[in-house]
Amino acid sequence: MFSIIETFLSHCEKTPNKRCVVFNGTVFTYADMRAMAARWANTLTERGLKTGERVALFLDNSPEFISAYLGTHWAGGTIVLINTAYRQVELNHILSDSQPRFIVTDAHSRPALDNLKLKIENLEFPAQASPHFSFSIFNSQFCDSVAFIAYTSGTTGKAKGAMLTHRNLAANVASVTEAWGWTANDHLLLTLPLFHVHGLGVGVHGTLWSGASLELHPHFDVKTVYGRLSSGDFSLFFGVPTMYGRLLSEAAKHAKRPPALRLYVCGSAALSAETMLAFEQAYGQRILERYGMTETIMNMTNPLNGERRPGTVGQPFPRQAGRVVHVRTRQPLPPDQDGEIEVRGANVFKGYLNRPEATAECFTEDGWFKTGDLGRVSADGYFTITGRAKELIISGGFNIYPREIEEVLAQHSGVAEVAVLGRPDPDFGESVHAVVVKNDPNLSAEAVIAFCKDNLASYKKPRYVTFVSALPRNALGKVQKHLISQVIETGR
Ligand code: MCA
Ligand code: AMP
């Protein structure tokens, strides 16, 4: 099995003049992207990057993100993905845990790094790769080395670095491109951030694997996206439910619907059956919903041809398996019974960086990965996600761990106690609600929100803050979050 970088390079040989990435109206062909990737590989190697050493990307969407990613792999390095919204708390943790040899950033994102105590040396970027440049680091061990580390949390509040090997990525992209009939003729409109697995592991990998092309946007802007979809240039669009909700509202403002795409795909959070059916009315096409995770990339999909069943995430991708087990006995359950979803396949990650116990805990003895998602499977094999065993808020497709916000807010001198929970939100699906017991009678909701924003990524800040006199606790002193809504209602 070949890696993403090897497959990309073979497309560069065969179709050098084909468009690969379009950004801000500029077309980068496969040959252009190869030259850019080569410059990165060359620079990193000349600067002493050794096989297996880490390069962190702290970059927004751009062709440079993709070329630095490919160049690092070409030089034998491992990528560390970092959301550019992250601030001091997240950055300190990720950088000290992953110890990258280099961090690649730009003028826009760099100020967040300047607050950290890092020894920064600016890297001169050569105009082009040296003429003697020739890399061929690929060997039999390459596919089992770590391609990227992406941070994702468990219930502990501290993010863990999920390590995915080149083999994991290749196995999954082969399954995804097969299931969705992705070919070199496809052109994808990609507005998802590349520092998470949806944008990178599905959008970019699928494109490079198929020898296809993508138009990359720095950000999802609904008016721009609607305009671009109306151009008829695209065959594929991938988004999170928030994006589809906004596209629905946008369509209501226009008399004419955009021309048909080959495929609209949705994931990262649950797509309501209502949005799915309303989208079909407005755009004339049924969205294909699929289910993934950072640790496994893509797990399940509704079919390309066949019934796309609203409210379900479909069936395992080719060469992957899924099952539902009892949450305590861990025994497989018959159809239609609720339990925890487990998955298996060559796509499943190698483990969490520096955390052998957490890695051991998330696998069964016979090698199934415990997703922490609750659900059931129908007699004809369609999986439905019904809830989560892990404590997690998914807001607009971004994962937010209540524990991380609680830990930050607990450090505020005006906060005596705090519990953070998800609250339904029409735009983001769920949003963050902080329930606070004050130490300081003058503490305001605005101060609570500002304190979060100073320390964490802005999207994690509470959208709602409620002050209460006490939090409900059980006999062991554990906060009982399911009772908090009653506390809020009675104001006790
Ligand atoms: C932005 N803001 C948010 C969110 N996004 N607040 C809560 N939830 C969010 N998701 C806040 C910003 O912090 C900022 O606050 C303000 O909104 C405006 O920022 P802007 O970026 O302009 O926001 P937006 O246009 O509303 O962004 C919405 C979005 C974005 C386009 C839906 O959240 C997004 O790109 N989501 C995709 C996430 C994703 O790729 N997830 C995949 C994870 P302030 O102004 O106060 O600073 S991978 C995964 O889940 C697995 C593998 C899978 O299955 O795919
Ligand atoms: P992440 O850790 O960012 O990779 O997020 C993965 C989580 O997103 C999964 O464990 C699910 O809880 C959730 N998720 C992804 N796709 C879907 C979907 N189609 N429906 C419901 N939840 C989803």
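Residues numbered from 1 in each chain as written. Chains lettered and ligands numbered in written order. Predicted model: local features only at pLDDT ≥ 70, side-chain atom pairs only at ≥ 80, totals over all residues. Heavy atoms only, no water.

Here we look at helix α7 (residues 197-210)
The element α7 is extensively covered by neighbouring structure, given that 14 of its 14 residues are classed as buried. Following α7 by one or two positions, G211 has its phi on the positive side, about 70°. (Buried < 20%, exposed > 50% of the residue type's maximum accessible area, 1.4 Å probe, protein only. Helix = DSSP H or I, 4+ residues; strand = E, 2+ residues; numbered from the N terminus.)

Quick notes on the sheet that holds strand β24 (residues 464-467)
Pairing is mixed across the open sheet formed by 3 strands, whose spatial order is β22-β23-β24. Only two strands of the sheet have a single neighbouring strand rather than two, namely β22 (415-425) and β24. Strand after strand, the sheet turns through a mean of 25° between neighbouring axes, direction not considered. As judged from the 10 bridges shared by β22 and strand β23 (residues 429-438), these two strands associate in the antiparallel manner. By the bridge assignment for β23, P424 is matched with E430. (Pairing = 2+ DSSP bridges. Axes fitted to C-alpha atoms, helices over the stretch in contact; angles between N-to-C directions.)

Description of the sheet that holds strand β14 (residues 315-316)
The strand order β2-β1-β9-β8-β10-β11-β12-β13-β14 describes an open sheet built from 9 strands, whose pairing is mixed. Each edge of the sheet is formed by a strand with only one pairing partner; in this case those strands are β2 (26-29) and β14. In the sheet, strand β13 (residues 297-301) pairs with β14 via 2 bridges, with the strands oriented antiparallel. Within β14, the position partnered with M300 by the bridge is P316. Helix α2 (residues 30-46) contacts β1 (19-23) and β2 of the sheet and is inclined by roughly 75° relative to β2. Here helix α9 (residues 241-251) sits on the sheet and contacts β10 (236-239) and β11 (263-266); the angle it forms with β10, its principal contact strand, is near 115°. (Contact = heavy atoms within 4.5 Å.)

Regarding the site of ligand 2
Neighbouring residues of ligand 2: 17 residues in total, closest R290, T294, D373, K390 and N399. Separating an oxygen atom of ligand 2 from a side-chain N or O atom of T152 is a distance of 3.2 Å. Contact between ligand 2 and S268: a nitrogen atom at 3.2 Å from a main-chain N or O atom of the residue. A total of 500 Å² of accessible area belongs to ligand 2 in isolation, and the protein chains cover 90% of it. Secondary-structure elements contributing two or more residues to the shell around ligand 2 are β12 (288-293) and β19 (383-388). Of all the elements, β12 adds the most residues to the shell around ligand 2, at 5 residues. When the residues that make up the shell around ligand 2 are grouped by side-chain class, the tally is 7 nonpolar, 5 polar and 5 charged. (Near = heavy atom within 4 Å. Polar contact = N/O pair within 3.5 Å; in protein donor to acceptor, adjacent residues only side chain to side chain. Areas by Shrake-Rupley, 256 points an atom, 1.4 Å probe, with all protein chains shown as cover. Nonpolar A, V, L, I, M, F, W, Y, C, P; charged D, E, K, R; others polar.)

Observations regarding the pairing of β11
Every second residue of β11 is oriented toward a common face, with L263 and V265 on one face and Y264 and C266 on the other, all of them buried. As paired strands, β10 and β11 are joined by 4 bridges and run parallel to one another. Opposite F238, over in β11, you have V265 as the bridge partner. Relative to β12, β11 runs parallel, the two sharing 2 bridges. By the bridge assignment for β12, C266 is matched with E289. In this view, the connection linking β11 to its parallel neighbour β12 by way of helix α10 (residues 273-283) has right-handed handedness. (Right-handed = clockwise from strand over helix to strand, strands pointing away.)

Section: the site of ligand 1
Around ligand 1 sit 26 residues, and of these R246, S268, R290, S395 and S458 come closest. Contact between ligand 1 and R290: an oxygen atom at 2.8 Å from a side-chain N or O atom of the residue. Considered on its own, ligand 1 offers 1000 Å² of accessible surface; in the complex 78% of this is hidden by protein. Contributing elements (two or more residues each) for the shell around ligand 1: α7, α9 and β12.

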